[in-house]
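Coordinates in review
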Amino acid sequence: MLRPIIITLFILLVFSSCAKRSLSSLHKEGVKVSGSQALLNVSPACASIRMQYLGCGGFFIQHQGQAIMIDPFFSHQSFLRIGKSIFPGGKIKSKRRELDYGRRMIKDSLGLTDDDLKLKVKGIFAAHGHYDHLMDVPFIYHEWLNENADVFVNTSSALTCANVINPRKLHDVQTIASVRDQRGDSVEFQQGQAAIRVYPIFADHNPHSRNVKLFAGSAVRTPQHFKSYEDKTSVNDWLEGQTLSFLIDFLENDSIQFRMFIQSSSCQFPYGIPPLNLLQEREIDLAVLGVASYHFSENTYPCEFLQTLQPKKLMFIHWEDFFRKLRKRPKAVKTNDIPRFFSDVLSKCSRDYLLPVPGSVITITR
């Protein structure tokens, strides 16, 4: 028990001692960080899609009167609090003030009301069980969505949240996920002639430090101290479980108008790639890939992924320091050479990209 704690504290100490690059320094080093608004010109495209990058791996995506959320997380925790949370008595929890800020950000940016959120959001998806992807989901489910939406997670996360989300609304999508060349089932939300269809896909998560992945493994039981979405938890409660990527289709009249792929965690190729028959069915309009820990992929990331996905447009996320409050001006995630990723690694793929700041609204245009 003591050895994992020492390793975790050491890695956190390394993180805390590393310099963070500011937006201005990133710009000076040639990294093209987008502002609060961005247009993606994809032809042909479904012009009714708008999405907002929420930071970390998070998205709010709306299409024809309905919406989904991916990995919504606003309760950024300090290094000190995460370190203390490993021990008894040092706990973390969703932060109401930061979540209120996140809700205002979404509403103001997309012109929504509180009732719109309750009525429009049909599902929340979590790519894995780490606190920066899952911890705020129970709070949002109860406080924002009035328990109307369904929540889709892996097996481990379903156990973690079993006491705080209605079991009829909590779904283990690991049981239907696609695996390599084996096509699985999808989750679909229909409204009139429009639909959002989500395929969960088995993926992976790179280590946080060389050969060390923090909070790996899967939950084997439901934490009995986590019975309310405002209860305190340990960071050790939020185990990764099976990481997932998502292939998302936006349909009108049963025809795919726009296809989006999201893999918020960097990993070794080919983990997370959709089965070939899905890729042959329809090309990918937009691929969204995580940046953090890219350097542990042995030169396979992201170029091999892009060679297979062949997306029309490319976006990178999970590049900013999520130990820093969302309301503050973002800085690059520690221990990752972000300029090198774009000047050296990505240059091998010869691809243009979009790198949004948290809160940035992306509108799909023809």
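We now turn to the structure provided with this report. (Residues numbered from 1 in each chain as written. Predicted model: local features only at pLDDT ≥ 70, side-chain atom pairs only at ≥ 80, totals over all residues. Heavy atoms only, no water.)

Bringing a positive patch on the surface into the picture now. There is a patch of like positive charges on the surface, built from Arg 81, Lys 84, Lys 93 and Lys 232. Residue placement: Lys 84 occurs in helix α3 (residues 79–85). (Patch = residues over 30% accessible without salt bridge, like charges linked within 9 Å, V, L, I, M, F, W, Y side chains within 5 Å. Areas by Shrake-Rupley, 256 points an atom, 1.4 Å probe, with all protein chains shown as cover. Salt bridge = Lys/Arg side-chain N within 4 Å of Asp/Glu carboxyl O. Lys, Arg positive; Asp, Glu negative; His and termini not counted. Charge placed at Lys NZ, Arg CZ, Asp CG, Glu CD. Helix = DSSP H or I, 4+ residues; strand = E, 2+ residues; numbered from the N terminus.)

You can see Glu 252 is positioned in strand β10 (residues 244–252). Glu 252 sits in the partly exposed class, given a relative accessible area of 22%. Each C-alpha atom, one on Glu 252 and one on Ser 297, is 37 Å from the other, the two residues being 45 residues apart in sequence. (Buried < 20%, exposed > 50% of the residue type's maximum accessible area, 1.4 Å probe, protein only.)

Within the element layout of this structure, Phe 305 appears in helix α10 (residues 303–309). Residue Phe 305 is classed as buried on the basis of its relative accessible area, which comes to 0%. Sequence separation of Phe 305 and Leu 289 is 16 residues, and the distance between their C-alpha atoms is 9.4 Å. Leave out the neighbours within four places in its chain, and Phe 305 touches Gln 263, Cys 267, Gln 268, Phe 269, Tyr 271, Ile 273 and Thr 300. (Contact = heavy atoms within 4.5 Å.)

One pass over the structure, following the stated rule, counts one disulfide. What pairs with Cys 303 in a disulfide is Cys 349, and their sulfur atoms sit 1.9 Å apart. With the S-S dihedral at roughly -100°, the linkage between Cys 303 and Cys 349 falls on the left-handed side. Of the two residues, Cys 303 is situated in helix α10 and Cys 349 in the loop between α11 (338–345) and β14 (361–365); the sequence distance between them amounts to 46 residues. In this structure Cys 56 is a free cysteine whose sulfur lies 17 Å from that of Cys 161, the closest cysteine sulfur available. For Cys 56, a relative accessible area of 0% puts it in the buried group. The exposure class assigned to Cys 161 is buried, which follows from its relative accessible area of 0%. (Disulfide = S-S within 2.5 Å.)

Moving on to the pairing of strand β4 (residues 66–70). Where burial is concerned, most of β4 is hidden: five out of the five residues are buried. Bridge analysis of strand β3 (residues 58–63) against β4 gives five bridges, and the strand direction is antiparallel. Considered in β4, the bridge of Phe 59 is made with Ile 70. One ladder, built from four bridges, connects β4 with strand β5 (residues 121–125); its direction is parallel. Across the sheet, residue Ala 67 finds its bridge partner in β5, namely Val 121. (Pairing = 2+ DSSP bridges.)

All right, on to helix α4 (residues 96–110) then. The terminal C-alpha atoms of α4 lie 21 Å apart, and with 15 residues this matches the ideal 21 Å at 1.5 Å per residue to within 8%. Of all the positions in α4, only Glu 98, Leu 99, Gly 102, Arg 103, Met 105, Ile 106, Lys 107 and Leu 110 are classed as buried. If you follow the buried residues of α4, they end up packed against β2 (49–55), β3, β4, α5 (114–120), α7 (137–144) and β14. Positive backbone phi, at 65°, marks Gly 111, one or two positions downstream of α4. (Expected span 1.5 Å × (residues − 1).)

Let us look at the side chain of Thr 243. Examined against the element boundaries, Thr 243 turns out to sit in the loop between β9 (194–202) and β10. Looking at Thr 243, the relative accessible area reads 3%, which means it is buried. Each residue touching Thr 243, except ones within four places of it in the same chain, is listed here: Ala 127, His 128, Ile 201, Phe 202, Ala 203, Asp 204 and His 205.

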